[in-house]
Amino acid sequence: MDESRPASAAESDAARVGTLYELMREYDLDALRVRIGEAEYELVRRDPQAVTYAAAPAAIGAPAAASEPAPKPAAAAAAAAPANVRRVTAPVVGVFYRSPSPGSDPFVNVGDRVSVGQTLCILEAMKLMNEITSDHAGVVTRIIPEDAGLVALGEELMWIEP
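These numbers were taken from a predicted model, which means no experiment stands behind them. Sequence order as written defines the numbering, with residues in each chain counted from 1. Per-residue local features are limited, in this predicted model, to residues with pLDDT of at least 70; the limit for side-chain atom pairs, both in listing and counting, is 80 or more; totals at the level of whole chains, interfaces and linings are taken over all residues. To get the side-chain values, take all heavy atoms of the structure and skip hydrogens and water.

What about the side chain of Glu124?
Turning to step 1, where the next piece is worked out: A run of H or I in DSSP becomes a helix once it reaches four residues, and a run of E becomes a strand once it reaches two; helices and strands are each numbered from the N terminus. Examined against the element boundaries, Glu124 turns out to sit in strand 6 (residues 119-125).
Turning to step 2, where the next piece is worked out: Buried charge without a salt bridge: Glu124, with Lys127 as the nearest opposite-charge side chain at an N-O distance of 4.6 Å.
Turning to step 3, where the next piece is worked out: Looking at Glu124, its side chain comes within polar contact range of the side chain of Tyr97, at 3.1 Å.
Turning to step 4, where the next piece is worked out: Setting aside residues up to four positions removed in sequence, Glu124 forms contacts with Ala14, Val93, Gly94, Val95, Tyr97 and Met129. The cut-offs for exposure are 20% and 50% of the maximum accessible area for each residue type, with area from a 1.4 Å probe on protein chains only; residues under the lower value are buried, those over the upper are exposed, and the others partly exposed. Asp and Glu count as negative and Lys and Arg as positive, but His and the ends of the chain are not part of the count. Definition used for salt bridges: Asp or Glu carboxyl oxygen within 4 Å of a side-chain nitrogen of Lys or Arg. In protein, a polar contact requires one atom able to donate a hydrogen and another able to accept it; more generally it is a pair of N or O atoms within 3.5 Å, and residues adjacent in sequence count only if both atoms are side-chain atoms. We call two residues in contact when some of their heavy atoms are within 4.5 Å.

In structure tokens, the structure reads:
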């Protein structure tokens, strides 16, 4: 886990996201935006058959501009991706972990060769640890989110080149 951010803060973020998701389901909401102190959470429900994904939430602890959405840091870099890159995206909203436990070695590093079905990372959503596995064989060329950072549905996690 990221040493600059206590584990309890990441767990608290995941718990808040889970609680907000339950509120959305209970009241059949399509979108919800909540500000708690400096943190802002934005959840958007989409039809599972939809092709587009929700925008990334504002960075935790960073104030968001009221008139414009916060730019996604990976958006500029995504345009520069090689044509053959395979993008691994988040299937759920959750907290991104590179290793199985604090102090453990990461599942993968940039430059590692991965095979189909190999575990790449964990996304914690509503206290459930979801192992994200590779659908592609190749070399990891980029790991985008920070360890213990909150990721949005459809947000890029890693790039794999054949």
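We are not done yet, so read on.
Details of the packing of aromatic side chains
Turning to step 1, where the next piece is worked out: Pairing of aromatic rings covers Phe, Tyr and Trp, the last through its six-membered ring, and needs centres within 6.5 Å; plane angles under 30 degrees mean stacked, over 60 mean edge-to-face, and all others mean tilted. For the structure shown, the criterion picks out zero aromatic pairs.
Turning to step 2, where the next piece is worked out: We call a charge positioned above a ring when the Lys NZ or Arg CZ atom is no farther than 6 Å from the ring centre and deviates by at most 35 degrees from the ring normal. The ring of Trp159 is capped by Arg142, whose NZ or CZ atom sits 5.0 Å from the centre of that ring.

Some thoughts on the nonpolar core
Turning to step 1, where the next piece is worked out: Put simply, a nonpolar core is a bunch of buried Ala, Val, Leu, Ile, Met, Phe, Trp, Tyr and Cys residues held in one set by side-chain atoms that sit within 4.5 Å of each other. Counting residues in hydrophobic clusters, the biggest one holds 15 residues, and the most contacted among them are Val88, Phe96, Leu120, Leu123, Leu157 and Met158.
Turning to step 2, where the next piece is worked out: Where this core is concerned, the elements lending two or more residues are strand 6, strand 8 (138-143) and strand 10 (156-161).
Turning to step 3, where the next piece is worked out: Setting aside residues up to four positions removed in sequence, Leu120 forms contacts with Val88, Arg98, Phe107, Val108, Val114, Ile132, Thr133, Ser134, Met158 and Ile160.
Turning to step 4, where the next piece is worked out: Met24, Leu32, Tyr41 and Ile122 belong to the second largest nonpolar core, which has 13 residues in total.

Focus on the sheet that holds strand 8
Turning to step 1, where the next piece is worked out: Read from one edge to the other, the open sheet built from four strands follows the order 3-10-8-5, with strand pairing classed as antiparallel. The open sheet has two free edges, formed respectively by strand 3 (86-89) and strand 5 (113-114), since each of these has just one partner strand. The pairing criterion is simple: DSSP has to find at least two bridges between the two strands.

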